[in-house]
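One-letter residues, chain by chain:
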Amino acid sequence: MPRAQCRGEDPSLFFPSLGMDTVKARVVCSICPVRKECLDYATGDPEITGIWGGTSGKQRQKMRSERRKLRGVA
């Protein structure tokens with residue numbers, strides 16, 4: 001994504017080791033013009049790890065679970 005705010009940042013910022021701080025990655029995501037597209041991409045693939053669209057893998061897993069529940073009710 002050529003317009004991504006994270007372009008040029010150290011990739012390890014977005015793929016932290018266990019216990020590493022993710023605040024800087026989330027700040028970068030918070031001002032990104034393509035955050036929504038990034039998050040949509042990452043929520044579409046449960047195998048994707050790291051910080052995408054300002055969310056962690058665990059947060060995206062919860063989002064997918066909530067979407068499945070809503071589809072089941074609708």
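Note that the structure is a prediction, hence the values are computed from the model and not measured.

### Considering the packing of aromatic side chains
Okay, step 1: Throughout the structure, instances matching the rule amount to 1 aromatic pair.
Okay, step 2: Centre to centre, the rings of Y41 and W52 are 5.5 Å apart; their planes meet at 40°, and the pair counts as tilted. Taken together, the positions of Y41 in helix α2 (residues 35-43) and W52 in the loop between α2 and α3 (57-73) put the pair 11 residues apart, joining distant regions of the chain.
Okay, step 3: The exposure class of W52 is partly exposed, given its relative accessible area of 22%.

### Let's talk about the side chain of S56
Okay, step 1: Mapped onto the secondary structure, S56 falls in the loop between α2 and α3.
Okay, step 2: Assessed through its relative accessible area of 17%, S56 is described here as buried.
Okay, step 3: Residues within four places of S56 in sequence aside, it is in contact with R26, G50 and I51.

The rules behind each value
Residues numbered from 1 in each chain as written. Predicted model: local features only at pLDDT ≥ 70, side-chain atom pairs only at ≥ 80, totals over all residues. Heavy atoms only, no water. Phe/Tyr/Trp six-rings, centres within 6.5 Å; stacked < 30°, edge-to-face > 60°. Helix = DSSP H or I, 4+ residues; strand = E, 2+ residues; numbered from the N terminus. Buried < 20%, exposed > 50% of the residue type's maximum accessible area, 1.4 Å probe, protein only. Contact = heavy atoms within 4.5 Å.

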